[in-house]
Structures are given as structure tokens and as C-alpha cells.
Amino acid sequence: MKRFHLLVLMLILGLGARAKDGYDLWLNYRPVKGAELSLHYKNNLTELIFPDKGELVSSAREELRTALKSMLGVAIPEQTKVSRSGALMVGVHSADIARFIPATDLKSCGDEGFLIRSVTSGGKKLTVLTANTGRGILYGVFALIQRIQLGERIDQLSISDRPKVKVRVLNHWDNLDRTVERGYAGFSLWDWQRLPGYVDPRYIDYARANASIGINGTVLTNVNANALILTPSYLEKVAALAKVFRRYGIKVYLTARFSAPIEIGGLKTADPMDKEVRQWWKEKADEIYRYVPDFGGFLVKANSEGQPGPQNYGRNHADGANMLAEALEPRGGIVMWRAFVYDNKVPTDRAKQAYTEFKPLDGQFRKNVLIQVKNGPIDFQPREPFHPLFGAMPQTPMMMEFQITQEYLGFATHLVYLGALFKETLAADTYAKGKGSTVAKVIDGSLDNHQLSGMAGVANIGNDLNWTGHPFGQANWYAFGRLAWNPYGSAEQIAEDWLKLTFAADKDFNKKMTDMMMLSREAVVNYMTPLGLHHIMGWDHHYGPGPWISNKPRADWTSVYYHKADSAGIGFNRTATGSNALEQYAPEIRKQYGDIGSIPEKYLLWFHHVNWDQRLQSGRSLWEELCFRYNLGVDQVKEIQQSWNLQKAKVDPRTFSEVSSLLAIQLKEAKWWRDACLLYFQTFSRRPIPQQYEKPAHDLEFYEKQQFHFVPGI
Ligand code: BDP
């Protein structure tokens, strides 16, 4: 009896084991709170009608059933026809549904959008959820479930939504041995050894989570690709995954190693102009489509960081991309060709190289090629200005690549809400066609009228029980999906929605935790790379500070290459008197950023080498401001800790203590960053760290000597 009561209590409080371990993500479907609201849902969900039986509609139906049962505590009867008020009818548009919603209303839905409407017919009130496709239905069902999770009423609905970006994909940097490059949440989810025979049910949950935020594709393999994935024994495994994901509207993509024709095809060359090579790729594409009829296409990293590519044969990126695009085109596949290229042998600023290589190729790519560009010109730093290629290639669809995994932002240990980072880039103005030409408009294709558009996020997911390592890492996965669906969405709103769905606490919690999440991104910038500093992390593994890194095989992998500290000052002069990377931006930006007086200070040292005594907006000298910022970052982590501690009563104990422990590590590491960087930069500035700040715990030598073994992610 006692045990029974405990169980009931746990159910009521939504504290089942699942709620604590984080496995259910934002889909934990807790029981609705409050009798009045429960009654409202019960009155407006008296019966369910699913007129059609397609594969995706069946997934939607299953999800809705599970969700309603769990949230309302009762199984809602299913009928073939509307028999009473409060019915919910869900189906792809058909004659049945046309009685309530005319076909013309669905024009705006496209092939992924949906409509949800409260209507009255024959004296009965009902809700109709419809779309042009099963995928639209699935997204609509998740939207309706989310409304109920958020405690919103559902009796006067008039919702119409569709994604603004076409290809919304996760990029898994997962290797075939299950290690994950730059992954900090365990090993790869893909259990290649046991596939295709054993299909882990977790793949379904992965697909559900993605579908719930509108992600419609997944690239299974690392950009540093292994050609073996394109061989039959692996394609068979890929097909098994694709089968699971298809039911949730998720297409599978693979990374294509450019030298595959040699490595697995036995050819002597991979020259994209060679007839045999071209034929090999065509046959390979046909073969893949035999295994995966709806295969999405290839993601390619070529001639970058040692990966093979068309330049090995004197050809350019367009030649390489077009060869693959041609092979995929008959079946509707696409090529996502990465612009993350730079060459140590090119004697110019690395920040300029992608633009220099790609801009002249504008207009030369086939219609089914997207150029996938990282958000900034260097490499996923805590803060970068937007990549100058956005807005610079109007004839080519440009795809965004964000990094959800926190390679440079404290791994899965630091609480950093990336919605704020993503949004900052998307909202940036490229001025490509005058004021208001935001990166979001480039990405969604609206600026230059492209049908094809895309956004990729390098996944932060592994086989950790809670998927992402840090419980708040889930918010970054969630925010990526939401912003890929709608790049104009608000980072705050998304954070708040995630908090409500995940923790189901009160208003005060939502408000305080949203503020905390928004602050977390500024905090990491301050304690790692304030004022436009970048790429000063530990060598190779990228763990912790390493501003002293120099004398490595490649100059552009060292830190001194980027911060250029000397006795006069610090920062990379990218103006006309320096590398002139600034020249790659629109005149409006050149003008504003070219001047120390008008550049936003967050980008100051990205574009200027600034004198240590230069006065900044605060009235402090550059050196003082650097000391101030590094200390501010540490204080902000303390602030985050305090906010979290105040919510103790509202979070389940397991999550509370996990986040608390991680925040304690984060604080320690924030201090480590601050002390190591300030002591190192002080050797150039030769100025004291102002009295009011905490003294570094050790001397510089101590920090420089730190060595780490078996750091995850490499
Ligand atoms: C860098 C990572 C490296 C990736 C590379 C890429 O350190 O592991 O392979 O980007 O994006 O950030 O290709």
C-alpha cells in the first residue's frame, strides 16, 4: 500500500526515474497540472480521428497517443468519424478534411507545414490538424503536444506554420569505431558492429527528438571521412538506420571521402574530370539509392586539414562538388560542400582564405549544391563576426554550419546556452543588398531567391544517458532545431520554452533561468576570449587556455598567430594596414569596423592591433579592460551558480546536484582561463593586474606546464 502511494506521488510530481536521468529530453510528457486545465483538455480531446494511415501519420498518431495518455492520464478513444464535440481530427488533406478546411488554405503550408484549427460543424466543436504531407502532420502533432506541455489552451486554435529553411540537419562527427570527433557525451549512438541485425530502440527516440524540433536530416559520419561507409557492408547498416529515421521524416546523408574511388574503387585517380571517376560516383550513388531509396546526399570536406579533394588534381571546388551533384541529381540528392578551407602554405590570414577560394566560383555550382559555411571565418570560437561568405555569393545557396558540441566552449562541462550565439550570427547584417540583409535572409534563401536552403549543426549527442553530457546541453540541441526551423525566432523565447518543457517549474524559475542561460554565453566569452580574442586554447585537444602556443608544424594552429601580443599591444590587424580581411565585408561594415572608435568592442581585437594604453568606452585602458573582462567572466559564473542554487527546491535532486557539480568545475576552469591568460598577456603589457581583482593562484610557468592525457574528443 505504502509503495503504491509513493508511486502515485511520484507520478503526480512527475518525478519518475526518467524525469531525473534526462533521457526523455523535452519530451517527458508530465501530467497536466491543475484540475481546471485537465478538464479543459479532456473536453477538447474527447476522441481522435485519423482518416489516413501513411507511415509518418502513423508515427504522429503513436506519439500523440503516448503523449496524451501520459499528460492526461487516460487513453482517448479513437473513432473513424466525428461523433461528438471536442473531437480532434488529424490527417493529410483529403475530401474528409475539406469539409472543415478548404484546400486553398493549405497552399501556404508547402510540403512540411501544417494547419491546426478549431472549427464548428453540425453544432459540434472540433479541432482539425492537417497538412499536405505526412511530415507536415508529424510536425503539427508535435506542435499541438508542445502546446499542451506548455499548459496553453486548445479551444480557439488558428495555427499555421512551416519551416523557413529546407535542409535542417545534424552533422555527426562520428567515426566508424564509435569515437566522436569533438564529442563529449560518450561514444557514437551508431552501433555499427551490431547493425543491421540489432536496431537499438534508442534510434527511435533520437528520431522523435529531432522530429519534435523539425530536424529533417542527419549526416551519420565524420567530415574527416572514412570511405568504408560507402561499401556494401556498411550501406546495409546505414539502410537499417534510414528505415527507422524515415518514419520520422528524417533523411540520411553520408560524408563522402573524395579519394573513395581509389580507396574502395580500385581506380588510380579521383580526378573529378576523369571519366571513369565520374562513372564510379554515378554507380556508387545508384548503389546507395538501392539501399536507401530516399538517401539525402553527401556532405564533403575537401582540401581542408589534409583531406583529399579536387585541388589534388589541379581542379577547383566547383569541379569536385559538381561531379558528386551530377551523380546524385537523378534521384534528388544534394551535395553539401564545406567552405571550411585554409592552407598553411598560403601566406595570408587564415580568416580570408575561404572567401578567396570560393567567391570566384559563385554561379559555377550545379543546382543541387549547397555551400556549407561555418558561422565565423575561423572556427567556432566563443565569439566570431559572421563569415564574410554570407551575402558574398548571391548565385549559390549558402548553408549555415553551427557547432552544437562545445569544442571551444568548455566541452560538456560548461553551461553555455548557444541559442544566443546562433542568434547573434543569424541576426547580423551583411549589407549585401543594403541594410537589413541579415545572415538569416541569406540562409533561408529569401535574399537571393533560392529554393534550396539549409542549416547544419555539429551534434553534441553521444550515448550518455542524457544524450548531451551536460543537462543544459540539451537546450543547445533544442535551440538549433528551433532556429533551423525559423532563423528569426528569439533565443530567449526558445530558452524559456525549453525550460518549461524540461523542468515544468514555475514562472519565477523560467524567468530567472532564462536570464541565466542568456548570461552564460557572455560569461564564456569573457573568461575565455573577451574583446575579440580568439583561438588561444590548449594545443590540439583544445582543453583549457593556451595563449602561449607557438612553434607548431602549422602557424595557423598556434595561438600567437591569432593574438599577436607584443610590447605595444594586442590583436590581429585585419584592416587595410594589416591583412585586410575586412575588405571581404560590405562597405558599411568596413567603415564601422575599420575604425577603433566605431567598431563594436566585442570584435575589437579580431580586427585591430590595439595599444595597451588605448582608452576604451568604459574609460579603462585596453589592459585594464582585459583584466576587467576576464574577472567579469569569473563573476558571471558565480552569478550563474547563485541563480542555480536558488532554484534548488524546484529541480529534481539528481539534476540539481549534477548541474551544481558541473558549475563548480566551470568556475574553477573560468579562473584557470583568466589567470593563465592575464599572466601570459602581462608578459607583453608589463602592467599590473589592478589591486581589486583576485590574484592568480599560480605563476605563469605552472599554467604553461599543465599537461592532459586522454582528453575526450580527439
Ligand atoms: C575543427 C575541429 C576538427 C574538425 C574541423 C572541421 O578541431 O576536429 O575536423 O574543425 O570542421 O574545429 O572540419
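Residues numbered from 1 in each chain as written. Predicted model: local features only at pLDDT ≥ 70, side-chain atom pairs only at ≥ 80, totals over all residues. Heavy atoms only, no water.

**Section: the overall build of the protein**
Rules: Helix and strand assignments come from DSSP, with helices taken as H or I runs of at least 4 residues and strands as E runs of at least 2, each series counted from the N terminus. To get the radius of gyration, use the C-alpha atoms; to get the globule rule, take the number of residues to the power 0.38 and multiply by 2.2 Å. Think of it in three bands: residues with accessible area under 20% of the maximum for their type are buried, residues over 50% are exposed, and the middle band is partly exposed, with areas taken using a 1.4 Å probe on protein chains only.
When you go through the protein residue by residue, the secondary structure sums to 23 helices and 16 strands. Scaling as 2.2 N^0.38, a compact globule of 714 residues should have a C-alpha radius of gyration of about 27 Å, and the protein matches this with 26 Å. Once the C-alpha set of the protein is aligned to its principal axes, its extents read approximately 80 × 65 × 50 Å. For the protein, buried positions account for 60% of its 714 residues.

**What about the nonpolar core?**
The cut-off we apply is this: Working definition of a nonpolar core: buried Ala, Val, Leu, Ile, Met, Phe, Trp, Tyr and Cys residues. They are joined through side-chain atoms within 4.5 Å. The criterion used for residue contact is that any of the two residues' heavy atoms lie within 4.5 Å.
Ranked by size, the top nonpolar core spans 228 residues in total, and within it Phe-245, Trp-281, Trp-337, Trp-477 and Phe-681 carry the most contacts. With 13 residues, helix H22 (residues 653-685) is the largest single contributor of residues to this core. Beyond its immediate stretch of four places on either side in the chain, Phe-245 contacts Trp-190, Tyr-203, Tyr-206, Ala-207, Thr-218, Leu-220, Ile-250 and Val-252. If you look at the next biggest cluster of nonpolar residues, it comprises twelve residues, including Ile-49, Met-89, Phe-100 and Val-128.

**A look at the sheet that holds strand E6 (residues 158-161)**
For clarity, the cut-off: When DSSP finds two or more bridges between a pair of strands, those strands are recorded as paired. Helix axes are fitted to C-alpha atoms over the stretch in contact, other axes to C-alpha atoms as well, and angles between N-to-C directions run from 0 to 180 degrees.
Overall, mixed pairing links the six strands, which are arranged E2-E1-E3-E5-E4-E6 in an open sheet. One side of each edge strand has no neighbouring strand; the edge strands of this open sheet are strand E2 (78-79) and E6. Pairing of strand E1 (residues 47-49) with strand E3 (residues 87-92), which is carried by three bridges, proceeds in the parallel orientation. Within E3, the position partnered with Ile-49 by the bridge is Met-89. The strands touched by helix H4 (residues 55-72) within the sheet are E1, E2 and E3, with E3 carrying the most contacts at an inclination of about 155 degrees.

**Examining the site of the ligand**
Here is the rule: Proximity is defined per residue: any heavy atom of the residue falling within 4 Å of a molecule or strand makes that residue near it. As used in this structure description, the phrase polar contact means that two N or O atoms lie within 3.5 Å; if the pair is within protein, one of them must be able to donate a hydrogen and the other to accept it, and residues adjacent in sequence are counted only when both atoms belong to side chains. We get accessible surface area from the Shrake-Rupley algorithm with a probe of 1.4 Å; when it comes to residues, only the shown protein chains can shield them. Note on residue categories: nonpolar means Ala, Val, Leu, Ile, Met, Phe, Trp, Tyr, Cys or Pro, charged means Asp, Glu, Lys or Arg, and polar means any other residue, Gly included.
Near the ligand you find 14 residues, and of these Glu-181, Lys-301, Arg-338, Asp-379 and Glu-407 are the closest. Note that an oxygen atom of the ligand is positioned 2.4 Å from one of the side-chain N or O atoms of Glu-181. Take Arg-338: an N or O atom from its side chain is 2.6 Å from an oxygen atom of the ligand. Within the complex, 97% of the 320 Å² of free accessible area of the ligand lies under protein. By residue class, the composition of the shell around the ligand is four nonpolar, two polar and eight charged.

**Focus on the sheet that holds strand E13 (residues 398-403)**
Ordered in space as E7-E8-E9-E10-E11-E12-E13-E14, the eight strands form a closed barrel in which the pairing is parallel. Sheet twist, expressed as the mean angle between neighbouring strand axes with direction ignored, is 25 degrees. Looking at chain direction, strand E10 (residues 297-300) and strand E11 (residues 334-338) are connected through four bridges and run parallel. Across the sheet, residue Val-300 finds its bridge partner in E11, namely Trp-337.

**Some words on the confidence of the model for the protein**
Let me state the cut-off plainly: Per-residue confidence from the predictor is given as pLDDT, running between 0 and 100.
Per-residue confidence for the protein gives a mean pLDDT of 96; residues scoring 70 or more make up 97%. Note on residues 6-18: pLDDT is under 50 here. Beyond four places in sequence and across chains, it has nine contacts.

**Considerations on helix H17 (residues 507-528)**
As a reminder, the rule being used: Expected helix span is taken as 1.5 Å per residue step, with the number of steps being one fewer than the number of residues. Fitting one axis to the seven residues ending at a residue and another to the seven starting there, the bend at that residue is the angle between the two axes.
For H17, built from 22 residues, the straight-helix expectation of 32 Å at 1.5 Å per residue is met to within 8% by its first-to-last C-alpha distance of 32 Å. The sharpest bend along H17 comes to roughly 25 degrees, located at Ser-520.

**Overview of the pattern of salt bridges**
The following threshold applies: Between Lys or Arg on one side and Asp or Glu on the other, a salt bridge is scored when a side-chain nitrogen of the former is within 4 Å of a carboxyl oxygen of the latter.
Applying the stated rule across the entire model yields 46 salt bridges. Arg-194 is paired through a salt bridge with Asp-191; the nearest N and O atoms lie 2.8 Å apart. Asp-191 gets classed as buried once you look at its relative accessible area, which sits at 8%. Of the charged contacts in the structure, one is a salt bridge between Asp-508 and Lys-512, with a shortest N-O distance of 2.6 Å. Residue Asp-508 and its partner Lys-512 are both found in helix H17; the two are separated by four residues, about one turn of the helix. In this structure Asp-508 comes out as partly exposed when scored by relative accessible area, which is 33%. Each of the salt bridges in this network shares a partner with another, and the network as a whole consists of Arg-383, Glu-424, Arg-521, Glu-522 and Lys-602.

**Quick look at the pairing of strand E5 (residues 124-131)**
Most of E5 is tucked away: six of the eight residues are buried. The pairing of E3 with E5 spans six bridges and is classified as parallel. If you follow Val-90 over to E5, its bridge partner there is Leu-129. In the sheet, strand E4 (residues 114-121) pairs with E5 via eight bridges, with the strands oriented antiparallel. Paired with Ile-116 across the bridge in E5 is Leu-129. Once E4 ends, the chain turns through two residues before running back antiparallel as E5, passing Gly-122 with a positive phi of about 50 degrees.

**Re the state of the cysteines**
To keep things clear, this is the line we draw: For this text, the term disulfide refers to a pair of cysteine sulfurs within 2.5 Å.
Using the criterion set out here, one finds zero disulfides in the structure. Summary of cysteine pairing: Cys-627 is not part of a disulfide, and the nearest cysteine sulfur, belonging to Cys-677, is at 11 Å. Owing to a relative accessible area of 0%, Cys-677 belongs among the buried residues under this scheme.

**Some thoughts on helix H15 (residues 473-485)**
Between its first and last C-alpha atoms H15 spans 19 Å; for 13 residues at 1.5 Å apiece the expected length is 18 Å, and the two agree. Most of H15 is tucked away: twelve of the 13 residues are buried. Those residues of H15 not exposed but buried are Gly-473, Gln-474, Ala-475, Asn-476, Trp-477, Tyr-478, Ala-479, Phe-480, Gly-481, Leu-483, Ala-484 and Trp-485.

**A few points about the environment of Val-292**
You can see Val-292 is positioned in the loop between helix H10 (275-291) and E10. Residue classification places Val-292 among the buried residues on the basis of a relative accessible area of 0%. Taking the C-alpha atoms as reference, Val-292 lies 27 Å from Asp-444; in sequence the two are 152 residues apart.

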